[in-house]
Amino acid sequence: MNRYPIWKYLTVLIAVVIGLLYTLPNFFGESPAVQVSSAKATLKIDTATLDRVQTILQQANIPNTGAAFELNGTVGTVRVRFPSTDVQLKARDLIEKALNPNPAEPSYTVALNLLPASPAWLSAIGANPMYLGLDLRGGVHFLLQVDMQGALTSRYDALVTDLRVALRDQRIESAGIERDGMSVVLSFSTEALRDRAITALRTRNPDLQMLERTEGGRQQIVGRLSQAAITTVQSSALKQNITTLHNRINELGVAEPIIQQQGADRIVVQLPGVQDVAKAKDILGRTATLEIRMVDDSPAAASALAAGTVPFGLERYQDRDGRPLLVRRQVVLTGENLQDAQAGRDSQNQQPAVHLTLDSKGARIFRDVTRDNVNKRMAILLFEKGRGEVVTAPVIRGEIPGGQVQISGSMTAEEAADTALLLRAGSLAAPMEIIEERTIGPSLGAENIEKGFNSTLYGFIGIAIFMVVYYHLFGAFSTVGLALNVLLLLAILSMLQATLTLPGIAAIALTLGMAIDANVLINERIREELRNGESPQNAINLGFDRAWGTILDSNLTTLIVGVALLVFGSGAIRGFAVVHCLGILTSMFSAVVGVRALANLWYGNKKKLQSISIGTVWKPKD
């Protein structure tokens, strides 16, 4: 009756072992470390960088407790651990000076960091600590304001080019197309040409509202975006900026960044573990701008390049190998027109290549440019902090329609993947400025952790004392089940690599109260069966079975609320909801399976059981 099959005992035992293994890393704390990453999109971090950093430290006799090269996708990072923060700061300054001899143009980003101090054997089995949020670990918080007028200005500038191409395709001659504030003005010599233009443009640009006017003897069209189109442009700009920030910050190796929209035109960026505000601003400022321009390889340009001069209308840049190039000032395409970039192979010779996908406007422009510039070179430039660098400059072999572009040449598969990653990172669709910045120190985070841990611990002790005093041995069973519940909850959060915040700690404390409720229901049901005259063995069996329905109903209704918070909430509310929902599931397992396994193990083999230790069983009065 009260005997579990061996597989159920093994299930509970395995749950306990897994819980211990995956909870354990959270108690080892963190080690001070220095992180080295690339400050230039075209500079790669590899094992040679690791060797160089170790050599720098060895020559200065600075001890470290471990150094490693980590590869996240195609982005490499070097991390070195140190025994104390004093050694960490000294090492950071030394590495910074050695790797960046010219501070005005840093090639590497050398930042302070904190890394888990758990043993390597735990990391080998995937047992890593939970991430800590900004309020527990410390770090920097930024609120960014997106310039929506700048996004609209960029859209109107692009619209000028789009309209010029459309009129050229329809062979409609215009007397000028220019942006005038938040509108586009198209001028024509005759009314007939203006009417033809309106008919042609209405089909291709349904979002453009066009008004006719006559000014200075010219027939003009004034085009303005509809309100729906303006809303779409602003929403897309915000989303693209968030995506770009994600790409850049993730590539820099900043741990667990939080980047999310706030309101209609603001973005919140939280970087846990980063204490240097200047460094964090530098990271945010690394968003790159992509441009495609034509290369001037004419004899006159080559002579000017050899003489060290730059002719009017051209600009001088360097490619990834340091070779100078002269490119035209006119921008053919920008990162706004790039939808995707993937590394692949040339279909003809199977050489590594980068495949680009352009949007409809970009495809039309690219088709015209490649048709008119066969056997000429096209440069793809990446601008960071106002400085441009040529990523690649392939030769145009023929007209390329359809918006599917292939970049190939003397590149390895790894270089093709790197180039695709750089191009995918994209550019900001609208300018941004920091309107709020806040630094949370590690001491405040440690204080929050201590207070949260103590509040949960004291709550657990209070519940345990009450249960043991009131329910005796079954109260001890309930306390062990409660400990199992917390153990499993922490293990699952660690396995999911969830980010723990103060609301998450509050959810753990709430889970304790909810989990003990199931045990109270079970114990009271067992008491009720004993009062009804059932034998102790039968009372235990009926108590667990008949309490299950009530436990399921109460937890299911609470779970529904938790899921609603998870679906409709955001930020701290979602963090609370995740821990809350997981806590409900682990509490049901620990109370119904774990506690019953203890009761069965203790009482199940006693055939002539006369009484059980469950406190005073009050008999009803006659």
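Rules used throughout
Residues numbered from 1 in each chain as written. Predicted model: local features only at pLDDT ≥ 70, side-chain atom pairs only at ≥ 80, totals over all residues. Heavy atoms only, no water. Salt bridge = Lys/Arg side-chain N within 4 Å of Asp/Glu carboxyl O. Helix = DSSP H or I, 4+ residues; strand = E, 2+ residues; numbered from the N terminus. Buried < 20%, exposed > 50% of the residue type's maximum accessible area, 1.4 Å probe, protein only. Pairing = 2+ DSSP bridges. Axes fitted to C-alpha atoms, helices over the stretch in contact; angles between N-to-C directions. Phe/Tyr/Trp six-rings, centres within 6.5 Å; stacked < 30°, edge-to-face > 60°. Patch = residues over 30% accessible without salt bridge, like charges linked within 9 Å, V, L, I, M, F, W, Y side chains within 5 Å. Areas by Shrake-Rupley, 256 points an atom, 1.4 Å probe, with all protein chains shown as cover.

(A) The arrangement of the pattern of salt bridges in detail. Applying the stated criterion across every chain, the model contains 21 salt bridges. The partner of Arg377 in a salt bridge is Asp297, and the shortest N-O contact between them spans 2.9 Å. Taken together, the residues span a long stretch of sequence, with Arg377 in the loop between α11 (360-372) and β19 (378-384) and Asp297 in the loop between β13 (289-294) and α10 (299-307) at a distance of 80 residues. By relative accessible area, which is 23% here, Arg377 ends up partly exposed. The salt bridge involving Arg546 is made with Glu529; its shortest N-O contact spans 3.0 Å. With a gap of 17 residues between them, Arg546 in helix α15 (residues 536-568) and Glu529 in helix α14 (residues 502-531) connect regions that are remote in the sequence. A cluster of three or more residues bridged by salt bridges with shared partners is formed by Arg168, Arg367, Asp368, Arg371 and Asp372.

(B) Representation of the sheet that holds strand β9 (residues 208-215) in the model. Strands sit in the order β7-β8-β10-β9 across an open sheet of four strands; the sheet is antiparallel. The strands lining the two open edges of the sheet, one partner per strand, are β7 (176-179) and β9. Neighbour-to-neighbour, the strand axes of this sheet turn through a mean angle of 20°, independent of strand direction. Two strands pair when backbone bridges link them, and strand β8 (residues 184-188) and strand β10 (residues 218-225) are joined in this way by five bridges, in the antiparallel orientation.

(C) Main features of the sheet that holds strand β22 (residues 432-440). Strand order in the open sheet made by the four strands is β11-β12-β6-β22, with antiparallel pairing throughout. The sheet terminates laterally at β11 (258-262) and β22, the two strands that pair on one side only. Here the average twist between neighbouring strands, direction ignored, is 20°. With five bridges joining them, β11 and strand β12 (residues 266-272) adopt antiparallel strand pairing. Within β12, the residue paired with Gln262 across the bridge is Arg266.

(D) Here's a closer look at the packing of aromatic side chains. Considering all chains together, one arrives at six aromatic pairs under this definition. Seen from their ring centres, Tyr4 and Tyr9 are 5.7 Å apart, and the 65° between their planes marks the pair as edge-to-face. Assessed through its relative accessible area of 15%, Tyr4 is described here as buried. Ring centres of Tyr470 and Tyr471 lie 4.8 Å apart, and the angle between their planes is 85°; on these two criteria the pair is classed as edge-to-face. Residue class for Tyr471 comes out buried when judged on its relative accessible area of 2%. Among the aromatic residues, those joined into a ring-pair cluster are Phe474, Phe477, Trp602 and Tyr603.

(E) Seen up close, the pairing of β8. By the criterion of burial, β8 is predominantly enclosed, with five of the five residues buried. Neither face of β8 is left uncovered, since the one carrying Val184, Leu186 and Phe188 and the one carrying Val185 and Ser187 both have all their residues buried. Strand direction decides the pairing type here: β7 and β8, joined by four bridges, are antiparallel. In the sheet register, Ile177 faces β8, and the bridge partner there is Leu186. Counting the residues between successive antiparallel strands, the hairpin from β7 to β8 contains four residues, one of them, Gly181, with a positive phi of roughly 65°.

(F) Geometry of unusual backbone geometry. If you check the backbone angles, Asn61 has positive phi at about 55° while not being a glycine. Structurally, Asn61 is set in the loop between α2 (47-59) and β2 (66-72). For Asn61, a relative accessible area of 69% corresponds to the exposed category. Look at His472: it is not a glycine, yet its phi comes out positive at around 55°. Tracing the backbone through its elements, the reader meets His472 in helix α13 (residues 442-495). The partly exposed category is assigned to His472, whose relative accessible area is 39%.

(G) Up close: a nonpolar patch on the surface. Residues Leu24, Phe27, Phe28, Trp121, Ile125, Phe453, Leu457, Tyr458, Ile461, Ile465 and Val469 make up a contiguous nonpolar surface patch of about 1,100 Å² in total accessible area. Here Ile461 shows up in helix α13.

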